[in-house]
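Structure assessment
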Amino acid sequence: GLESLGNDAVDFFSGSGDAAITFSTGEKSGGGSTDQAHDIVKAKWGTTSRHYFNTNSSTQNVVSTSYSPKHSLLVVGFSTGLFGLYELPSVSNIHTLSLSHSTIGTVSINPSADWLAFGCPKTQQLLIWEWRSETYILKQSGHAYGMKCLAYSPDGIVVATGGEDGTVKLWNSQSGFCYVTLPKTHTAAVTSVKFANPTVVLSASLDGTVRAHDLHRYRNFKTYTSDVPCQFLSMAVDKSGEVVCAGSAEPFRVCVWSVQTGKLTDVLTGHEGPVSSLDFHPVRGSLASASWDGTVKVWDLYKSDSTPETFESGADVVCVAFRPDGNQICSGTIRGLLRFWNTEDGSLICEIDGQKDIKGGRKINDRMTADNNASSRYFTSIAYSADGTCLLAGGNSKYVCIYEISQQILLKKFQISFNRSLDGVLDELNSKNDGDRGPIDEEHDSADENNNYTPHLPGAKRADDGSRKSKVEVLTMQVAFSPTGREWSTVSGEGLHVYSLDDDMIFDPMALTEAVTPGAVQSNLRKGKYGMALLMSLHLNEFALVKSVIEDTPYESISAVVRSVGQEHLSHLIQFLSKCMEDSPHVEYYLQWCLELLQTHGLFMEKNRGKYLRSFRALFRVVQSRYVDLKAICDDNKYSLEFLENQANLLLGGQDDK
């Protein structure tokens, strides 16, 4: 009968009756065992008790719940931003708190039942609350309507982001947490953020202002405005941090201000379309501006009567960037074409057609498949790597591409999101919603079969509440390389994405011979030939081996070992030192390595700064990070250290008297 039918269904879905998971139960006579799946099928389920939440509002509904069976605790999140903690089975209220005015979309409780996690989708908040001590463990909040732009600080530790809500947030690139939200001063979306120096961040907005923020006091200390109302789409800051420029949508011009005085010093006109992107020359005072009129203009800001050099592209230009050495400039058009120009003679070096590289993803309104729909895919943001050999590009696609410029090849492309609720993630739509002339129903485009599809009948008010929804499209707003060269970031509709190199170094041997082996490295260490051991380990390029050689080198021998390192190994040694120092307790020991490196090879690295800039910035970032950590610890233990020092002096003084 019905029981045999249920057993057959369980056997079918589990593979066989013998393969099912079994458990012992005390209710069975004879101490027999039964499999859990069959026991659930044979069980009878019923309601033992029913409890109601006493709410003061008729609109307060239960939205999310989480249960801890071990501690018999139930967490309930309501639509009004209130949550309650209840003890079962009595359902007695233990703790209640109002977190926000928006709906608590999801709740969770940790295994020890001490911490409660809450997520509020509308306000982009993530909260972790310890209910026993009534304190926040973690409180994070994102941009309310998505991110628009980002910028790395000169040391690569801080990432500043601007959002559609008009706010600027600062994130730690190592932990991924937002540690401060600057006071909201913009009244429209922030379109660009830049660091003038490590303590000043500038933001441009559609409200027609550029604002300077102090990162010591976290306040807006200066505002730059145009002489006519306009909306700023782009911004750039020169290398010295003394000049800031912003390009507007209409009128089509570039405004130039002095950062110190705040005065509008110059207005650059000549474009016939909105100025979509700006970038300063890394060395000289030249400014490159890209516009929808299909041109890139290079201006000399220090010559008032100079005519700008113009590069014609034949299509709307949406992004532009200088190479770190300033000898090359790259521009991207709406046709997916990347053009590379020589800044000295204005000649075209090469072109990269990226439309086929970033094609993919079919949106609900697309009338053709993802393979054939590449016309709307193009790059809107580009960034050079620290050494200038690679180019990072992202735009109206779910992919971000990295190109090797000299060979004009695609090294790798990254898919920034796999969220199927976004428009353009799926390459193939559900065929049952496609007709001969395109999608039948624009709201049901998921490839899942689990759609609660209810046809809307004309005149039927019950099935159609009048609401209209549109999906968020997957795309990249901006990309940026870290100054250290070890990571890059991008902002999309989902937030800030940070991509970093693997923690473990890849085995990449340099000039190996039969005599260079790990055994030979250990043999030289035992003989006291630390310089030879270090050179061999650098040739093998294995992190664990290099770290053991560095830490086995005596403190007094560091100077001699550093002098024995050749110029061809400096970059690798600095990278290994930064990696070792990141989590090592021997801070003073590694600082001595850094000091000897700078004293011995500092002048050579300064003359060839382009070659060693990436590794040096990585080392500087780690040193600064360890300094901040130690400073906080020493400040917290200042009086304890003074007490220990005084006690030591008293003991030493007493011994001297004896």
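My aim in this report is to walk through the structure given alongside it, one point at a time. (Residues numbered from 1 in each chain as written. Predicted model: local features only at pLDDT ≥ 70, side-chain atom pairs only at ≥ 80, totals over all residues. Heavy atoms only, no water.)

Pairing in this open sheet of four strands is antiparallel, and the strands run β7-β8-β9-β10 from one edge to the other. On the outer flanks of this sheet lie β7 (106-109) and β10 (135-141), each paired with one strand and no other. On average, each strand axis in the sheet is inclined to that of its neighbour by 10°, with strand direction left out of account. By the bridge criterion, six bridges tie strand β8 (residues 115-120) to strand β9 (residues 125-130) in an arrangement that is antiparallel. Bridging from a neighbouring strand, A117 pairs with I128 of β9. (Pairing = 2+ DSSP bridges. Helix = DSSP H or I, 4+ residues; strand = E, 2+ residues; numbered from the N terminus. Axes fitted to C-alpha atoms, helices over the stretch in contact; angles between N-to-C directions.)

Further remarks concern the packing of helix α5 (residues 530-540) against helix α6 (residues 543-552). In helix packing, the relevant descriptors are the interaxial angle and the interaxial distance, both defined with respect to the helix axes. Direction vectors running N to C along α5 and α6 enclose 165°, while the axes themselves pass 9 Å from each other. What the angle tells us is that α5 and α6 run roughly antiparallel. Considering how the two elements wind past one another, α5 and α6 form a crossing that is left-handed. Seen from α5, the contacting residues are Y530, A533, L534, S537, L538 and L540; seen from α6, they are L545, V546, V549, I550 and D552. (Parallel < 35°, antiparallel > 145°, perpendicular 65-115°, else oblique. Left-handed = near helix turned anticlockwise from the far one by under 90°. Contact = heavy atoms within 4.5 Å.)

Moving on: the sheet that holds strand β15 (residues 190-197). Pairing in this open sheet of four strands is antiparallel, and the strands run β15-β16-β17-β18 from one edge to the other. Looking at strand neighbours, the two that pair on one side only are β15 and β18 (219-225), the edges of this open sheet. Neighbour-to-neighbour, the strand axes of this sheet turn through a mean angle of 25°, independent of strand direction. Both strand β16 (residues 200-205) and strand β17 (residues 209-214) contribute to a ladder of five bridges, which runs antiparallel. Paired with A204 across the bridge in β17 is V210.

Counting across every chain of the model gives nine salt bridges. A salt bridge links K148 to E164; the nearest nitrogen and oxygen atoms lie 3.9 Å apart. Separated by 16 residues along the polypeptide, K148 in strand β11 (residues 147-152) and E164 in the loop between β12 (158-163) and β13 (168-172) bring together distant segments of the chain. Given the relative accessible area of 34%, E164 is considered partly exposed. Between K631 and D635 there is a salt bridge, with its nearest N and O atoms 3.3 Å apart. Here K631 and its partner D635 are both found in helix α10 (residues 609-636), four residues apart, which amounts to about one turn of the helix. (Salt bridge = Lys/Arg side-chain N within 4 Å of Asp/Glu carboxyl O. Buried < 20%, exposed > 50% of the residue type's maximum accessible area, 1.4 Å probe, protein only.)

Examined bridge by bridge, strand β5 (residues 82-87) and strand β6 (residues 92-98) share six bridges and lie antiparallel to one another. Looking at the pairing, Y86 lines up with N93 of β6. Between β5 and β6, which pair antiparallel in sequence order, lie four residues; one of them, V91, sits at a positive phi of approximately 55°.

Within the largest apolar cluster, 34 residues are counted, with the highest numbers of intra-cluster contacts made by L534, I550, L573, L577 and W593. Counting only elements with at least two residues in this core, the list comes to α4 (518-527), α5, α6, α7 (558-563), α8 (570-581), α9 (587-607) and α10. The residues touching L577, leaving out its near neighbours within four places in the chain, are I550, Y590, W593, L597 and L619. C319, A321, I358 and F379 belong to the second largest nonpolar core, which has 18 residues in total. (Core = buried A, V, L, I, M, F, W, Y, C linked by side-chain atoms within 4.5 Å.)

The next subject is the packing of aromatic side chains. Using the criterion set out here, one finds twelve aromatic pairs in the structure. With centroids separated by 6.0 Å and ring planes inclined at 45°, the aromatic side chains of Y224 and W257 adopt a geometry described as tilted. Within this pair, whereas Y224 is found in strand β18, its partner W257 is found in strand β21 (residues 253-258), the two being separated by 33 residues in sequence. Of the two residues, Y224 and W257, both sit in the buried class. Ring-pair connections join several aromatic residues into one group, and the members of that group are Y224, F232 and W257. Above the face of the Y136 ring, K139 is positioned so that its terminal group lies 4.8 Å from the ring centre. Over the face of the ring belonging to Y399 we find K413, whose NZ or CZ atom lies 4.4 Å from the ring centre. (Phe/Tyr/Trp six-rings, centres within 6.5 Å; stacked < 30°, edge-to-face > 60°. Lys NZ or Arg CZ within 6 Å of the ring centre and 35° of its normal.)

Running from N to C, α8 and α9 point in directions that differ by 160°, and their axes come no closer than 11 Å. Relative to α9, α8 is oriented roughly antiparallel. As for how α8 packs across α9, the hand of that crossing is left-handed. Residues L570, L573, I574, L577, C580 and M581 of α8 pack against V587, Y590, L591, W593, L597, H601, F604 and M605 of α9. Here the contact of α8 with α9 is composed, by residue class, of 13 nonpolar, one polar and no charged. (Nonpolar A, V, L, I, M, F, W, Y, C, P; charged D, E, K, R; others polar.)

Turning our attention to the side chain of Q478. Note that Q478 resides in strand β37 (residues 476-481). From its side chain, Q478 meets the backbone oxygen of L150 in a polar contact 3.2 Å long. With residues up to four places along the chain from it excluded, the contact list for Q478 reads K148, C149, L150, S381, S489, T490 and V491. (Polar contact = N/O pair within 3.5 Å; in protein donor to acceptor, adjacent residues only side chain to side chain.)

An α-helix turns once every 3.6 residues. As a result, residues three or four positions apart point the same way. For α6, the complete set of buried residues consists of L545, V546, V549 and I550. Along the axis of α6, the buried residues cluster in a sector spanning 130°; they form a single face. Tucked into the core, α6 has its buried residues touching α4, α5, α8 and α9. (Arc of directions from axis to C-beta.)

Among the eleven residues that make up α5, nine are buried, leaving the element largely enclosed by the rest of the structure. Buried residues belonging to α5 abut α4, α6, α7, α8 and α9. Positioned one or two residues after α5, N541 has a phi angle of 60°, which is positive.

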